[in-house]
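Each chain, written out:
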Amino acid sequence: MQSDREICWGGRDFKFISDAQRDWLRACASRGFTVPTWPQAYGGAGLDAQQAKVLEQEMAAIDARPPLVSFGVSMLGPALLHFGTDEQKASYLPPIARGEIRWCQGYSEPNSGSDLASLATRAESDGDHYVINGQKIWTSYADHADWIFALVRTDTNTKHGGISFVLIDMDDPGITTKPITLISGKSPFCEVFFDNVRVPKANCVAGENQGWTVAKALLAHERQSIGSASLMVSTDDRPLRERVVELVGLDEGRLAEPMLRASVAQWEVDKAAFDALVEQAQLEYRSGGGSPTTASLLKYYGAELNKRKFELLMTAAGNDGVEWRDVDGGSTDLPRSWLRTKANSIEGGTSEIQLNILAKHTLRLPGA
Ligand SMILES: Cc1cc2nc3c(=O)[nH]c(=O)nc-3n(C[C@H](O)[C@H](O)[C@H](O)COP(=O)(O)OP(=O)(O)OC[C@H]3O[C@@H](n4cnc5c(N)ncnc54)[C@H](O)[C@@H]3O)c2cc1C
């Protein structure tokens, strides 16, 4: 797994950490491998779900790094392929596939997180433009993004039916970003302020007041990605048992502490079962199937699994686990990654909200 610094996010101002990183992006993009299942016309390789899976396995077999990680690839692209006009697809998808434009997600607001549809950022009509005023919060990497896909209110008389999904250039006059520092000491997300920002109506996806449908489809995709651990960045991707053994050592060929041994074994079994479920869900999704409740299930369980993993590692590490700096004064990964996992059950919709969705739509519990 790559560290945050090693990930290729792309974008107008992206600084490659090496020539190899830049060449790898270009080589993959030229073959459509940054977005293998997208049509060739939009920068993809036109692969079907099975072929994409084979490509993924072959890349993993040679230990190849993902050429590009971005919200354009994982969130906006799939939504545009489904809901965008031909002009929108032709204009926005190829630069995403080539890693030229970096996107961020402007959904949450200070008083609209779990109850997202209560959002208040206002888009008022002015000829063929909207004039946007309001504030977003927790916008990951907004300070590095070139564009933002945002939910805005175009009708105040109705809740879900008054929301539109618009694409906004972060260079437009009237947009400011303010980073927020996290418990881990990092600052990966921002507040974003819109002050009379003029956006062409042509940048509205799926039509005015149709944003909630786009938002839900995109969220399902985001939840599936988070659940399948692709966003759970740690610099150390070795199997859990290997890391635990490194921390506590072996006694006669096995972990001496029975409780720790059992917990690690249980985690490995649960992870194997979860991986199989993720693989099945991805195949369904790539074939055009899959349901929003599967995404909630994966999101909930993936977050719990990742949190359990880091609790176990911290237990194994003992007092050393909380060392914030190594002997050379550099940042230590374990405590920072452990703290980062606390956000897994919040980002992309909290665990409580995923459980509500499953209770209502899958279990059909009365009163849910
Ligand atoms: C690392 C990270 C990255 C993020 N990146 C982005 C981003 O790029 N773009 C973006 O738009 N947002 C982003 N978010 C915001 C995220 O989507 C919200 O934090 C999340 O939806 C919860 O909203 P909230 O923080 O307002 O909490 P609230 O909605 O205020 O919830 C507070 C608590 O109340 C509980 N709760 C609320 N309603 C219910 C209910 N009906 N039933 C049961 N419990 C309930 C919640 O589960 C939670 O525990 C990010 C968050 C994190 C942690």
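Please read all numbers here as calculations on a predicted model, not as lab measurements.

Asks: In this structure, what is going on with the pattern of salt bridges? I would like to understand it.
Replies: Opposite charge on two side chains permits pairing when their charged atoms draw close. Applying the stated rule across the entire model yields 18 salt bridges. Across the salt bridge formed by Asp171 and Arg12, the nearest N and O atoms sit 3.1 Å from each other. Note that Asp171 is positioned in the loop between β5 (163-169) and β6 (175-180) and Arg12 in the segment before α1 (19-30), a separation of 159 residues in sequence. Classification of Asp171 by relative accessible area gives exposed; the value is 60%. Note that Arg22 and Asp23 form a salt bridge whose closest N and O atoms lie 3.3 Å from each other. Residue class for Arg22 comes out partly exposed when judged on its relative accessible area of 25%. Taken together, the shared-partner salt bridges in this structure form one network comprising Arg12, Asp169 and Asp171.

Asks: Explanation requested: the pairing of strand β2 (residues 122-126) in the structure shown.
Replies: On a regular strand, each side chain points to the face opposite its neighbour's, so the side chains alternate between the two faces of the sheet. In this structure, β2 lies alongside strand β3 (residues 129-140), joined through 5 bridges in antiparallel fashion. The partner of Arg122 across the bridge, within β3, is Asn133.

Asks: So what exactly am I meant to see when it comes to the site of the ligand here?
Replies: Near the ligand you find 19 residues, and of these Ser108, Ser114, Trp138, Thr350 and Glu352 are the closest. Contacts to the ligand include Thr350, whose side-chain N or O atom sits 2.7 Å from an oxygen atom. Contacts to the ligand include Asn356, whose side-chain N or O atom sits 3.0 Å from a nitrogen atom. When the ligand is considered free in solution it has 980 Å² of accessible area, and contact with the protein chains removes 66% of it.

Asks: How should I be thinking about the packing of aromatic side chains in this particular structure?
Replies: What describes a pair of aromatic rings is the distance from one ring centre to the other and the angle between the planes of the rings. For the structure on display, the rule yields 12 aromatic pairs. Ring geometry for Trp103 versus Phe149: centroids 6.4 Å apart, planes at 40°, classification tilted. Taken together, the residues Trp103 in strand β1 (residues 103-106) and Phe149 in strand β4 (residues 147-153) connect sequence positions 46 residues apart. Seen in terms of ring centroids, Tyr107 and Phe149 are 6.3 Å apart; in terms of plane orientation they differ by 85°. Their pairing is edge-to-face. Of the two residues, Tyr107 is situated in the loop between β1 and β2 and Phe149 in strand β4; the sequence distance between them amounts to 42 residues. The exposure class assigned to Tyr107 is buried, which follows from its relative accessible area of 3%. In textbook terms, an aromatic cluster arises when at least three aromatic residues are bridged by ring pairs, as seen for Tyr92, Trp103, Tyr107, Trp147, Phe149 and Phe165.

Asks: Can you walk me through the domain arrangement of the protein chain in this structure?
Replies: For the protein chain, the assigned domains read domain 1 (4-97), domain 2 (103-210) and domain 3 (228-362). A separation of 31 Å is found between the C-alpha centroids of domain 2 and domain 3.

Asks: In this structure, what is going on with the pairing of β3? I would like to understand it.
Replies: Hairpin remark: β2 followed by β3, antiparallel, with 2 residues in the connecting loop; positive phi at Gly127, about 65°. Sheet topology note: the β3/strand β7 (residues 189-200) ladder contains 9 bridges and is antiparallel. What sits directly across from Gln135, in β7, is Phe193.

Asks: How should the layout of surface pockets be read in this particular structure?
Replies: Here the idea is plain: a probe the size of a water molecule rolls over the atoms and shows the empty space left. Of the voids in this model, the second largest pocket is the one considered here, and its volume is about 530 Å³. What lines the second largest pocket is a set of 22 residues, and nearest its centre among them are Trp9, Phe14, Arg102, Tyr141 and His144. For the lining of the second largest pocket, the domains that each give at least three residues are domain 1 (4-97) and domain 2 (103-210).

Asks: Teacher, can you tell me more about the environment of Thr293 here?
Replies: Note on placement: Thr293 falls in helix α8 (residues 292-317). In this structure, the C-alpha to C-alpha distance between Thr293 and Ala272, residues 21 residues apart in sequence, is 21 Å. When residues no more than four places from it in sequence are discounted, the contact partners of Thr293 are Ile357, Leu358, His361 and Thr362.

Asks: Looking at this structure, I do not really get the environment of Leu219. What am I missing?
Replies: Turning to its location among the elements, Leu219 is positioned in helix α5 (residues 211-227). What makes Leu219 buried here is its relative accessible area of 12%. A sequence separation of 115 residues divides Leu219 from Cys104, and the C-alpha atoms of the two residues are 13 Å apart. Residue contacts for Leu219: discarding those within four places in its chain leaves Gln105, Tyr107, Leu116 and Gly348.

Asks: Help me understand the nonpolar core, please; the structure alone is not making it clear to me.
Replies: Where a protein is soluble and globular, its nonpolar side chains tend to be buried together. Grouped together as the largest cluster of nonpolar side chains are 38 residues, with contacts concentrated most on Leu76, Trp103, Tyr107, Phe149, Leu151, Phe165 and Leu167. When contributions to this core are tallied by element, the ones reaching two or more residues are α3 (71-83), α4 (86-97), β4, β5 and α5. Residue contributions to this core peak at 6 residues, all from α3. For this core, the two domains that each supply at least three residues are domain 1 (4-97) and domain 2 (103-210). In this structure, Leu151 is in contact with Gly106, Tyr107, Glu109, Leu116, Leu119, Thr121, Lys136, Ile163, Ser164, Phe165, Gly211 and Ala215, ignoring residues within four places of it in sequence.

Asks: Just checking my understanding: could you explain the side chain of Asn203 for this structure?
Replies: By secondary structure assignment, the location of Asn203 is in the loop between β7 and β8 (204-205). Here the side chain of Asn203 touches Leu167 through a polar contact of 2.9 Å, landing on its backbone oxygen. Discounting residues that sit within four places of it in the chain, Asn203 has contacts with Gln88, Tyr92, Trp147, Phe165, Val166 and Leu167.

Conventions adopted
- Residues numbered from 1 in each chain as written.
- Predicted model: local features only at pLDDT ≥ 70, side-chain atom pairs only at ≥ 80, totals over all residues.
- Heavy atoms only, no water.
- Salt bridge = Lys/Arg side-chain N within 4 Å of Asp/Glu carboxyl O.
- Helix = DSSP H or I, 4+ residues; strand = E, 2+ residues; numbered from the N terminus.
- Buried < 20%, exposed > 50% of the residue type's maximum accessible area, 1.4 Å probe, protein only.
- Pairing = 2+ DSSP bridges.
- Near = heavy atom within 4 Å.
- Polar contact = N/O pair within 3.5 Å; in protein donor to acceptor, adjacent residues only side chain to side chain.
- Areas by Shrake-Rupley, 256 points an atom, 1.4 Å probe, with all protein chains shown as cover.
- Phe/Tyr/Trp six-rings, centres within 6.5 Å; stacked < 30°, edge-to-face > 60°.
- Domains from an automatic or database assignment.
- 1 Å grid on protein atoms, 1.4 Å probe; cavity = no way out; pocket = protein on both sides within 12 Å on 5 of 7 lines; lining within 4 Å.
- Points joined across faces, edges and corners; volume = space filled by probe spheres on them.
- Contact = heavy atoms within 4.5 Å.
- Core = buried A, V, L, I, M, F, W, Y, C linked by side-chain atoms within 4.5 Å.

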